[in-house]
Amino acid sequence: MSIGEPFSRIDGPIKVTGTARYTADLRAANMLYGVLVTASIPAGKVTGIDKGGAMLEAGVVRVLTHEDMPRARTPIAGPPFAHSFLPLQDDQIRHEGQVVALVLAESLEAAEAGARKVQVRYAPTKATMPVALAWPEIDRAAEPPRNTGYFFLEPEFSKGDAVHNLAKAPKTVATVYSQPSRHHNPMETSAVLALWEGDALTVYDSTQHVFAVQRGLAALFGIPPASVRVISQHTGGAFGVKGLIGAHEALAAQAARIAGRPVRIALSRANMYSFLGYQPRIVQKMGLGADEKGILTGITHDVVNLATVTDDYIEAATEASKALYATPTMWLRQRAERANVAMPTAMRAPGEGPGMWALESAMDELAVDLGMDPLDLRLANYAETDPATGAPWSSKKLRDAYEEGARLFGWRDRPRFPWRDGDWIVGQGMASCLMGTFRFPSRAQVRLRRDGSAVVETGTQDIGTGVLTIFPQIAADVLGIPVSAIEFKMGDTTLPEAGPTYGSSSTMGVGAAVLAAAQDVRNRLARMANLSPAEVCMADGRIGRTGAAESFSVADILERAGESEIVGTGSFDPTKHGAGYSMRTFGAIFVEVGVDPELGLLRLRRAVGSYSVGRIVNPRTARAQLLGGIVWGWGMAAMEQSAFEPSLGRFLSKNLAGVAIPVNADIPSDITVHFVDEVDEKASPIGGKGIGELGATGVAAAVANAVFHATGKRIRDLPITPEKLIA
Amino acid sequence: MEFRQHLTVVLRINGLDRQMRVDARTTLLDLLREHLALTGTKKGCNFGECGACTVHLNGRRVNSCLVLAASADGAEVTTIEGLAAAGKLHPVQQAFIDHDAFQCGFCTPGQVMSTVALIREGHTRSEAEIREWMSGNLCRCSSYPQIVAAVEAAIRVKEG
Ligand code: FES
Ligand code: FES
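Just so it is clear, the structure is predicted and the values come from calculations on it, not from any experiment.

**Describing the overall build of chain B**
- A tally of regular secondary structure across chain B gives five helices and five strands.
- Ordered by position from the N terminus, the helices and strands of chain B form the series β-β-α-β-β-β-α-α-α-α.
- Along the first, second and third principal axes, the C-alpha set of chain B runs to 50 × 30 × 25 Å.
- For chain B, buried positions account for 59% of its 160 residues.
- Carbon together with sulfur atoms contributes 51% to the accessible area of chain B, which is approximately 6,600 Å² in total.
- Side chains of chain B give 17 positive and 17 negative charges; the mean places of these two sets differ by 2 Å.

Here's what the structure looks like:
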């Protein structure tokens, strides 16, 4: 059995020696460097661009503007593009940071110097800016969303009369929770290398979805997808910002065509803030109604997030209220506040990440009001079926996750009152974790060779989640060969099509396709050996009837058949699995924090995350994902904010110096990640579900709840920075 | 002093002496990546904020994006490519694998180079000290506890 084993990462040696290649590490013969010039105003139009100074810079080859770029052959409308407009198609400025020119040069130094010398003249118009952070103003500015492709659920949902139930409930919570815009900040900035050979385009890209880039660029140029090859060897973190096609990917391909030479664009950190996605500011009005025992009678959840003047990205925070607790009534609404800002996008963990901040804070407030243990309040409202639809769960072991997490943390015997540790007041808090389940169709091919080695092929991406290890493990498990005998080919549109690497979807979709392809190999081999495919198993390069002593060497079977290898194919079609069931992942997070009341400092001391996510293919890589999620949650709780400056219409700091993200010193080693024993056969034949995002949910609420326990201060606006704790 | 657009520098990089004509604006990071094809050293910010570009300059860890190549004339530079003999892993590299101290791997060359220097500096007297002195190397995949475990294991190898 290799499934379930904590194999160390197969990509370890190449990643610790610097030999793993990321897009910006690649070069092509005769390549030009591209550097982008971005708009300094949030709204208006470009009236003129003086390229003269830039062209005088030695090594600068071209300066491309909206007057030079070919027009898109198909209108850019919705995904796979990250924004339904493409810069350099007209003279309009829709947000500060929009690309207005692209400088191509023989060297990076020349391209950067040239970009600084491009002079852009603007005719500014009045920009719409985000309103002040206060519910009445946000409520007034909010509009029902337009669906231009960037929201994936009904913006409103109701069941029963929640408003009525809240009005007559003996216990209610009615509060507003807010959080600022935050950026993904993967350590690798996005990069792309585009080259044409005749009418065929090859793109090396840091992306979460090579096939989406292929389709989008083919449409842009009006060429068949088969003429576009997209390759992504390794992507240096993504977290959502590389999920859809950004402006640079299209511009590099267009520029390479115009210049007749390969073009590489590696974005600056500032570019990542200027025109790529981020999680928008989200303000949530939360209402809970309950009886004296804490049984919920209704939930209302009214969410407004920042969106753009062209498209409404909707941050589906109401998904949390829709699925976590049994409630007879609910009223959920999502709206957009439009402004001249860059287009937001999904970020680890979208929807439930923000939603659980509000819901699980409100639940804590209700528990305090009732004088109930917050864990007991959650157990009292446990949803045995999907509260919105009534459908059964594909699998749910949240009760076990609560219990086992509480035991590991020592929740039940925790001190009732906060205590002192030197300068620190120590408090504890907990919250539930919840994440949606996204599944995408995927295909894979497995080739088993006569010498006992195998090749697994599927066009998935490596963004660090562990796929380079777990997919070989899945194939090795079926074929009875060591993981080291498997070569894994991925990240290329010439391979069988796999789904995107987002939405915590890869194990279920791509993993199931690899499993099916390996099983196909085994079945073919069984038939060649005159065995019944249903009753065979493979081990040590041999195949035999399960339980029987007799077995046959794979090499012999192939030799007799005159074949050098057996090829199996497999696919995963989500519509064929788990119809009628509701699928989610669940968990509980317990944290202990320290607050220095004089300085307003907040520190994480320890945490326990306990999760119900189905079967775990590799406990080592799975732990890394959940741990990473918890750290993301800590960042959201304690420090992350991309401050927006309305007088300039831009993010104040477009760098990692003015924007805090967790560093090593912020994170204690005392973090426990625990999985309950579970197999979810309905979600996917793998038995597992998604784990990439769940860990980031619930943490901010658990931290705020612990801060309340420690200090009696209820913080409802993230992040929990010193001035809020001193106030 | 007269401004020169190009200068000739001599650097000893991973044990090899290289004489090069460099653009006055070229950073040590771009020199390594774009001119010498030593792309193991990564660019995460280009402003000294992330540590992805960490190399050893005369034995000390530096952010190579903040060093102008011209200013490093005569220096000895070690990059991730020069850390271990061919085909062999440095104990710190092995510890990173053993303790799962990376995910996407983009920050990893910088983390490894920082760890080697950290151990040499002796900033390893406690877990808190290790965490503090490794905080110039951001890891957005957030493998921090595993990185600390790798550092501690590498120290044991060195002592044992
Ligand atoms: S690239 Fe040098 S510190 Fe970030
Ligand atoms: S491993 Fe991805 S940033 Fe550190």
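Text resumes after the structure shown.
**Observations concerning the nonpolar core**
All names here are of chain A.
- Of all hydrophobic cores here, the largest spans 127 residues; its most connected members are Leu288, Ile589, Leu602, Tyr611 and Val703.
- Per element, the largest residue contribution to this core is ten residues, and it comes from helix H16 (residues 619-638).
- If we ignore the near neighbours within four places in the chain, the residues touching leucine 288 are Leu166, Lys171, Thr172, Val173, Leu296, Gly298, Ile299, Leu359, Ala362, Met363 and Leu366.
- With 43 residues, the next largest nonpolar core counts Ala475, Met490, Ala512 and Ile557 among its residues.

**Re the sheet that holds strand S17 (residues 424-436) of chain A**
Residues and elements named next belong to chain A.
- Across the sheet, which stays open at both edges, the five strands sit in the order S16-S17-S25-S26-S29 with mixed pairing between neighbours. Each end of this open sheet is capped by a strand with a single partner; those strands are strand S16 (419-421) and strand S29 (671-675). Strand-to-strand, the axes of this sheet are offset by a mean angle of 30°, without reference to chain direction.
- Relative to S17, S16 runs antiparallel, the two being bridged by three bridges. Paired with aspartate 421 across the strands is tryptophan 424, a residue of S17.
- Against the sheet, helix H10 (residues 352-370) engages S17 and strand S25 (584-596), with an angle of about 130° to S17.
- Against the sheet, helix H12 (residues 398-409) engages S17, S25, strand S26 (601-612) and S29, with an angle of about 25° to S25.

**A few points about the pairing of strand S19 (residues 454-457) of chain A**
All names here are of chain A.
- Neither face of S19 is exposed, since Ala454 and Val456 on one face and Val455 and Glu457 on the opposite face are all buried.
- The loop that links strand S18 (residues 442-449) with its antiparallel partner S19 comprises four residues; one of these, glycine 452, has a positive phi angle of about 90°.
- Across four bridges, the pairing between S19 and strand S20 (residues 486-489) is parallel. Counterpart to glutamate 457 in the pairing with S20 is lysine 489.
- Once you follow S19 into helix H13 (residues 467-479) and on to S20, the crossover reads as right-handed.

**A word on helix H3 (residues 108-117) of chain A**
- Of all ten residues making up H3(A), seven are buried, and the element is well covered by its neighbours.
- Within H3(A), the full set of buried residues consists of Leu108(A), Glu109(A), Ala110(A), Ala111(A), Ala113(A), Gly114(A) and Ala115(A).
- Tucked into the core, H3(A) has its buried residues touching strand S1 (32-38), helix H2 (52-56), strand S3 (60-64) and strand S5 (99-105) of chain A together with strand S2 (16-23) and helix H1 (28-35) of chain B.

**Brief notes about the sheet that holds strand S9 (residues 191-197) of chain A**
Residue and element names in this part refer to chain A.
- What the seven strands build is an open sheet, ordered S3-S5-S1-S12-S9-S10-S11; its pairing is mixed. Two strands in the sheet have a free side with no partner beyond their single neighbour: S3 and strand S11 (228-231). Going across the sheet, the axis of each strand differs from the next one's by a mean of 20°, ignoring polarity.
- Where S9 meets strand S12 (residues 263-266), four bridges bridge the pair, whose relative direction is antiparallel. Bridge assignment links alanine 194 to a residue of S12, and that residue is valine 263.
- Of the strands in this sheet, S1, S3, S5, S9, strand S10 (200-205) and S12 touch helix H7 (residues 247-259), which is tilted by about 35° from S9.

**As for the domain arrangement of chain B**
Residues and elements named next belong to chain B.
- The domains assigned to chain B are domain 1 (6-80) and domain 2 (91-159).
- For the domain 1 face of the interface with domain 2, the top three residues by lost area are His56, Arg61 and Ile80, together amounting to 49%.
- Connecting domain 1 to domain 2 are one salt bridge.
- Taken together, the connections running from domain 1 to domain 2 amount to nine residue pairs in polar contact (both at pLDDT 80 or more).
- Here the side of domain 1 that touches domain 2 is built from residues that sort into three nonpolar, eight polar and four charged.

**Topic: the packing of aromatic side chains**
All names here are of chain A.
- Enumeration over the complete set of coordinates arrives at 13 aromatic pairs over all chains.
- Ring centres of tryptophan 196 and phenylalanine 221 lie 4.9 Å apart, and the angle between their planes is 85°; this geometry places the pair in the edge-to-face category. Highlighted residues: tryptophan 196 in strand S9 and phenylalanine 221 in helix H6 (residues 210-221), separated in sequence by 25 residues.
- For phenylalanine 221, a relative accessible area of 8% gives the class buried.
- With a centroid separation of 6.3 Å and 45° between ring planes, the pair formed by tyrosine 611 and phenylalanine 675 is classed as tilted. Of the two residues, tyrosine 611 is situated in strand S26 and phenylalanine 675 in strand S29; the sequence distance between them amounts to 64 residues.

**Some details on the interface of chain A and chain B**
- Between chain A and chain B, the residue contacts involve 59 residues of the former and 48 residues of the latter.
- Interface area for chain A against chain B, summed over the two sides, is near 4,300 Å², with a carbon-plus-sulfur share of 53%.
- Its largest share of buried area at the contact with chain B, chain A owes to Val16(A), Met187(A) and Asn664(A), together 19% of the area lost on that side.
- Where chain A touches chain B, the interface holds seven salt bridges.
- Across the pair Glu34(B) and Arg264(A) runs a salt bridge, and its minimum N-O distance is 2.5 Å.
- On inspection of chain A and its partner chain B, the count reaches 32 residue pairs in polar contact (both at pLDDT 80 or more).
- With nine residues, H16(A) is the single largest residue contributor to the side of chain A that touches chain B.

**Side note on the domain arrangement of chain A**
Residue and element names in this part refer to chain A.
- Domain boundaries in chain A define domain 1 (23-126 + 187-238 + 242-272), domain 2 (135-182 + 279-437 + 581-726) and domain 3 (440-576).
- Between the C-alpha centres of domain 2 and domain 3 there is a distance of 38 Å.
- If you look at the interface, domain 2 gives 15 residues, while domain 3 gives 14 residues.
- Buried surface at the junction of domain 2 and domain 3, summed over both partners, amounts to about 1,200 Å²; 66% is from carbon and sulfur atoms.
- At the junction of domain 2 and domain 3, the tally comes to zero salt bridges.
- The tally of links between domain 2 and domain 3 comes to five residue pairs in polar contact (both at pLDDT 80 or more).
- Residue composition of the side of domain 2 that touches domain 3, grouped by class: five nonpolar, eight polar and two charged.

**So, the packing of H16(A) against helix H17 (residues 699-711) of chain A**
Residues and elements named next belong to chain A.
- Put simply, H16 and H17 touch, their axes get as near as 8 Å, and they point 55° apart. Classified by the angle between their axes, H16 and H17 sit oblique to one another. Of the two possible hands of crossing, H16 and H17 adopt the one that is right-handed. Residues Ile630, Gly633, Trp634, Met636 and Ala637 of H16 touch H17, and the partners they reach there are Val699, Ala700 and Val703.
- Per-class residue counts for the contact of H16 with H17 are seven nonpolar, one polar and no charged.

**Here's the deal with the state of the cysteines**
- Summed over all chains, the structure comprises zero disulfides over all chains.
- Free cysteine: Cys433(A), not disulfide-bonded; nearest cysteine sulfur from Cys141(B) at 20 Å.
- The class of Cys433(A) is buried, set by a relative accessible area of 0%.

**Things to note about the side chain of Asp11(A)**
- Considering the arrangement of structural elements, one finds Asp11(A) in the segment before helix H1 (12-16).
- Taking the relative accessible area as the measure of exposure, Asp11(A) reaches 4% and is therefore buried.

**A closer look at the packing of H6(A) against H7(A)**
All names here are of chain A.
- Viewed as axis vectors pointing N to C, H6 and H7 meet at an angle of 50°, and their least axial separation amounts to 11 Å. Considered as vectors, H6 and H7 are oriented oblique to each other. In the packing of H6 onto H7, the handedness of the crossing is right-handed. Note on element contacts: H7 touches H6 through Glu249, Ala250, Ala253, Gln254 and Arg257, opposite Val213, Leu217, Leu220 and Phe221.

Rules and cut-offs
Residues numbered from 1 in each chain as written. Chains lettered and ligands numbered in written order. Predicted model: local features only at pLDDT ≥ 70, side-chain atom pairs only at ≥ 80, totals over all residues. Heavy atoms only, no water. Helix = DSSP H or I, 4+ residues; strand = E, 2+ residues; numbered from the N terminus. Buried < 20%, exposed > 50% of the residue type's maximum accessible area, 1.4 Å probe, protein only. Areas by Shrake-Rupley, 256 points an atom, 1.4 Å probe, with all protein chains shown as cover. Lys, Arg positive; Asp, Glu negative; His and termini not counted. Charge placed at Lys NZ, Arg CZ, Asp CG, Glu CD. Core = buried A, V, L, I, M, F, W, Y, C linked by side-chain atoms within 4.5 Å. Contact = heavy atoms within 4.5 Å. Pairing = 2+ DSSP bridges. Axes fitted to C-alpha atoms, helices over the stretch in contact; angles between N-to-C directions. Right-handed = clockwise from strand over helix to strand, strands pointing away. Domains from an automatic or database assignment. Buried area = accessible area lost by both parts, 1.4 Å probe. Salt bridge = Lys/Arg side-chain N within 4 Å of Asp/Glu carboxyl O. Polar contact = N/O pair within 3.5 Å; in protein donor to acceptor, adjacent residues only side chain to side chain. Nonpolar A, V, L, I, M, F, W, Y, C, P; charged D, E, K, R; others polar. Phe/Tyr/Trp six-rings, centres within 6.5 Å; stacked < 30°, edge-to-face > 60°. Parallel < 35°, antiparallel > 145°, perpendicular 65-115°, else oblique. Left-handed = near helix turned anticlockwise from the far one by under 90°. Disulfide = S-S within 2.5 Å.

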